[in-house]
Amino acid sequence: MGGRIAAVLLLGGLVLTACQIAPDRSLDAATLHFNEVGFRGAPGGHPLTGSAILTPTFADHRVVKWTRPIRYRITGFNDDLHATAERFLIEIAKTARIKISVAGDGVDDANFIVRLEDVDVFEPSPMEYASCYANVIQYKGHINRVSVHIARAKPRQIEHCLVHEILHGFGLAHASRLPSAVNYAYQLIEPSSWDWLAVRALYDARLIANKSRTEMLPVARQVLRELQSTTARSSAR
Ligand SMILES: [Zn+2]
């Protein structure tokens, strides 16, 4: 359709610029989402604001991801929530094609720890309260260790915290536009389809740890284009 309009306008003697050609809206939305969640370094990891986008470091935010096997430990939850945490870890690792197994009992055996803490709230700074947070330790874009801390709360809040913080633990930052488990505006208790797409794109081999947004966003766009055409083909069958 866009092509036909372009042809008609060109016949009329007009020159079109790229921004006048109808975009593929779903692809643009996926790229927009990835631009928010696929690069770590926004101030405090918080949702992108106009002022964050204008900081000189914005273009230099990096791809941060697991490249080694995960050995997880989940502690302090009741059976249902323990199973939920385990399901998120395994499903996200499987989507990312990262090997995952239960850690042994040794102090240093686990590199991804999910813990229910015996507190009502965390105070990460004098200005804020949080019911959960993730500490992601990475070196040159390669995640080495993650600890997710969750305060006592209602099960639904804990489920939201689990999926939100575990996604951070896989290298995703916050989203501010589309429905997402890392978007504060939606208290989702499962990753959204945009989140699954972002995980698959981030863990594509062409997205290289520690490379900047400037270098990797065009690559991510190509990867997303391929992922979406594969999804469209398989759902058309
Ligand atoms: Zn968060």
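Described below are features of the structure shown in this document. Note that this is a predicted model, so its numbers are computed, not measured. (Residues numbered from 1 in each chain as written. Predicted model: local features only at pLDDT ≥ 70, side-chain atom pairs only at ≥ 80, totals over all residues.)

1. Here we look at the nonpolar core
Move 1: Counting residues in hydrophobic clusters, the biggest one holds 49 residues, and the most contacted among them are Leu-89, Leu-162, Ile-166, Ala-198 and Ala-201.
Move 2: Not counting the four nearest positions on each side in its chain, Leu-162 is found in contact with Thr-84, Ala-85, Phe-88 and Ile-150. (Core = buried A, V, L, I, M, F, W, Y, C linked by C-beta atoms within 7 Å. Buried ≥ 20, exposed ≤ 12 C-beta atoms within 10 Å, placed from the backbone. Contact = placed C-beta atoms within 7 Å.)

2. Observations regarding the sheet that holds strand E1 (residues 70-75)
Move 1: Read from one edge of the open sheet, five strands run E2-E1-E3-E7-E6, paired in mixed fashion. Every interior strand has two partners, whereas the edge strands, strand E2 (100-102) and strand E6 (132-139), have only one. The sheet shows a mean angle of 20° between the axes of neighbouring strands, direction not considered.
Move 2: Across three bridges, E1 lies against E2 in parallel orientation. (Pairing = 2+ DSSP bridges. Helix = DSSP H or I, 4+ residues; strand = E, 2+ residues; numbered from the N terminus. Axes fitted to C-alpha atoms, helices over the stretch in contact; angles between N-to-C directions.)

3. Remarks on the environment of Ala-153
Move 1: Checked against the element boundaries, Ala-153 lands in the loop between strand E7 (142-150) and helix H5 (155-169).
Move 2: The partly exposed category is assigned to Ala-153, around which 16 C-beta atoms lie within 10 Å.
Move 3: Between the alpha carbons of Ala-153 and Cys-132 there is a distance of 10.0 Å; along the sequence they are 21 residues apart.

4. Some remarks on H5
Move 1: Across its 15 residues, H5 extends 20 Å between first and last C-alpha, which sits within 8% of the 21 Å expected from 1.5 Å per residue.
Move 2: The buried count for H5 comes to 12 of 15 residues, which makes it a mostly enclosed element.
Move 3: For H5, the secondary structure elements touched by its buried residues are helix H4 (79-96), strand E3 (112-116), E6, E7 and helix H6 (193-202). (Expected span 1.5 Å × (residues − 1).)

5. Structural notes on the packing of H4 against H6
The description of two helices packed together rests on the angle between their axes and the distance between the axes.
Move 1: Running from N to C, H4 and H6 point in directions that differ by 50°, and their axes come no closer than 8 Å. With respect to H6, the axis of H4 lies oblique. For the pair H4 and H6, contact is made by Ile-92, Thr-95 and Ala-96 and by Trp-196, Val-199 and Arg-200, respectively.
Move 2: Looking at the contact of H4 with H6 residue by residue, the class counts come to four nonpolar, one polar and one charged. (Parallel < 35°, antiparallel > 145°, perpendicular 65-115°, else oblique. Nonpolar A, V, L, I, M, F, W, Y, C, P; charged D, E, K, R; others polar.)

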